[in-house]
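Coordinate inspection notes
Each chain, written out:
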Amino acid sequence: MGISVETADLEEVSGSQGGITSLANQSGLGVRVADIRRAFDGFLLARSNSTNSVYQKANLFLDNLKQLEDTLLPSKGGLGEQIGRFFSSLSDVAASPTDIASRTVAIEVGKSLVASFNGLATQLVQFQEAAVGQADAGTKQLSLMAKELASINSKILSSGQSGQTPNALLDLRDKTINEMSSYATLSVDLFKPWGCLY
């Protein structure tokens, strides 16, 4: 994620001591990894999670707004055009009230306008239901990730009691918290037991 950096501490491989095949000078046998240190910045992690949360929220809002705009203000055949045609047909009726053809056209244009309003109302209800479904799916996903985080924290706690915490578990915890920040605004205290969420 770019928040933690792992550095390997190397140490020289020493030659075997004693034995028939031991050489007087055994330098140059190479190095081995003695330890892997994890450099971690909690402030950067918190800022990254906060920025991710704000971005995802704004991006979702923009997508929903575009869909709503396309529904309410299509490029062709929108309500604006149909309302204009309806009032134009009414002005034709007003110009010649005795003309049956203009009255028939006005009635048909009015029926078409009513059907468009009803269709738009149905689309808006479907749009609302989709938004609620999207929120429900996000809540379920967030709940699953919270359970996964609890499992990871349990492993971190048990490994911390037996010795040094494996870096892979800490990286997995940070990755899970970052994924959770895509669904909700989080405040995390990594220095308390369990990496408490607020």
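Note that the structure is predicted; figures quoted are calculated from it, not measured.

The rules behind each value
- Residues numbered from 1 in each chain as written.
- Predicted model: local features only at pLDDT ≥ 70, side-chain atom pairs only at ≥ 80, totals over all residues.
- Heavy atoms only, no water.
- Helix = DSSP H or I, 4+ residues; strand = E, 2+ residues; numbered from the N terminus.
- Buried < 20%, exposed > 50% of the residue type's maximum accessible area, 1.4 Å probe, protein only.
- Contact = heavy atoms within 4.5 Å.
- Areas by Shrake-Rupley, 256 points an atom, 1.4 Å probe, with all protein chains shown as cover.
- Axes fitted to C-alpha atoms, helices over the stretch in contact; angles between N-to-C directions.
- Parallel < 35°, antiparallel > 145°, perpendicular 65-115°, else oblique.
- Nonpolar A, V, L, I, M, F, W, Y, C, P; charged D, E, K, R; others polar.
- Phe/Tyr/Trp six-rings, centres within 6.5 Å; stacked < 30°, edge-to-face > 60°.
- Expected span 1.5 Å × (residues − 1).

Helix and strand counts for the protein chain come out as four helices and four strands. Taken over 198 residues, the protein chain has a buried fraction of 20%. Put simply, of all contacts in the protein chain between residues at least 6 apart along the chain, 62% involve residues at least 24 apart. Carbon and sulfur atoms make up 59% of the accessible area of the protein chain, which amounts to about 13,600 Å² in all.

Below, the discussion takes up the packing of helix α1 (residues 42–72) against helix α4 (residues 167–180). Two elements in contact, α1 and α4, have axes whose closest approach is 8 Å; the angle formed by their N-to-C orientations is 30°. Relative to α4, the element α1 is oriented roughly parallel. Facing L45, S48, N49 and N52 of α1, the residues of α4 in contact are D174, I177 and N178. Of the residues in the contact of α1 with α4, the class split is two nonpolar, four polar and one charged.

Quick look at the packing of aromatic side chains now. Using the criterion set out here, one finds one aromatic pair in the structure. Each ring, one from F86 and one from F87, has its centre 5.8 Å from the other, and the planes form 65°; the classification is edge-to-face. Given a relative accessible area of 51%, F87 falls into the exposed group.

Glancing now at α1. With 31 residues, α1 ought to run about 45 Å at 1.5 Å a step, and its terminal C-alpha atoms sit 45 Å apart, in line with that. Looking at α1, one finds that the buried residues are L45, N49, N52 and S53.

Taken by themselves, the reported measurements are silent on function.
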